[in-house]
Amino acid sequence: MLDTKHIGTVVSRHVAEVEAGRLRFFAKATGQADASYIDAEAARAAGYPALPVPPTFLFCLEMEAPNPRATLDLLGINIGRVLHGEQAFRYHRMAFAGERLHFEIRIADIYEKKGGALGFVVRETRVTDADGAAVADLRSVVVVRNSLETA
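I will try to describe carefully the structure that is included in this document. As the structure is a computational prediction, the values presented were derived from the model and not from experiment. (Residues numbered from 1 in each chain as written. Predicted model: local features only at pLDDT ≥ 70, side-chain atom pairs only at ≥ 80, totals over all residues. Heavy atoms only, no water.)

A few words on the environment of Gly76. Relative to the helices and strands, Gly76 is located in the loop between α4 (70-75) and β2 (82-91). Accessibility expressed as a relative area gives 64% for Gly76, which makes it exposed. C-alpha separation for the pair Gly76 and Leu2, spaced 74 residues apart in sequence, amounts to 8.4 Å. (Helix = DSSP H or I, 4+ residues; strand = E, 2+ residues; numbered from the N terminus. Buried < 20%, exposed > 50% of the residue type's maximum accessible area, 1.4 Å probe, protein only.)

Residue placement: Ala16 occurs in strand β1 (residues 10-17). Owing to a relative accessible area of 1%, Ala16 belongs among the buried residues under this scheme. It is 24 Å that separates the C-alpha atoms of Ala16 and His84, two residues lying 68 residues apart in sequence. In contact with Ala16, other than residues within four places in its own chain, are Leu61, Glu64, Glu99, Arg100, Leu101 and Phe103. (Contact = heavy atoms within 4.5 Å.)

What follows covers the pairing of strand β3 (residues 100-113). Both β1 and β3 contribute to a ladder of seven bridges, which runs antiparallel. In the strand pairing of β3, Arg13 is matched with Glu104. Both β3 and strand β4 (residues 118-128) contribute to a ladder of 11 bridges, which runs antiparallel. By the bridge assignment, Ile105 is partnered in β4 with Thr125. Between β3 and the antiparallel strand that follows it, β4, lie four residues; Lys114 among them carries a positive phi value of about 55 degrees. (Pairing = 2+ DSSP bridges.)

Before going further, it helps to examine the nonpolar core. Among the nonpolar cores identified, the biggest contains 20 residues, and Leu23, Val53, Leu58, Leu61, Leu101, Phe103 and Val127 are the most heavily contacted of them. Listing elements by their share of this core, those giving two or more residues are α1 (20-29), α3 (57-62), β3 and β5 (134-145). Grouped together as the second largest cluster of nonpolar side chains are 12 residues, Leu2, Val11, Ala70 and Ile77 included. (Core = buried A, V, L, I, M, F, W, Y, C linked by side-chain atoms within 4.5 Å.)

So, on to the packing of aromatic side chains. In this structure the tally under the stated criterion is four aromatic pairs. Each ring, one from Phe89 and one from Tyr91, has its centre 6.1 Å from the other, and the planes form 5 degrees; the classification is stacked. You can call Phe89 partly exposed: its relative accessible area is 25%. On the accessibility criterion, Tyr91 (40% relative accessible area) is partly exposed. Ring geometry for Tyr111 versus Phe120: centroids 4.9 Å apart, planes at 5 degrees, classification stacked. Taking relative accessible area as the criterion, Tyr111 reaches 30% and is therefore assigned partly exposed. Taking the relative accessible area as the measure of exposure, Phe120 reaches 12% and is therefore buried. (Phe/Tyr/Trp six-rings, centres within 6.5 Å; stacked < 30°, edge-to-face > 60°.)

And the structure:
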């Protein structure tokens, strides 16, 4: 059983640099056909100040937290019982190479289904820029297969 007392807990805060080389690599790896995600000149020609962050790349930067497993550790969850349930991104503005982005990760909800056989942990991450303005909100749901065996 997952302890709901942790709902609202901030599990991590960190800052990540958006590096152009990593953006290019990610864009190529994900098959991005738009040259403005790979070439700085094409990005400027498209009206961007630098290479834009490709969709979903913020998840990579989120994983640069000092302990990417902080939520699982706090809740005492065995990684072998975890399934990826859901992931969503809500963008407030585009982010670009050269920015330093701030990530605050918190547990938004914990609940169970199937008579306690499945636990759900909802994690929300607020991404802001150096001035504190919202860049994006990330949301993920981890499904935990609970052991219903009694000792």
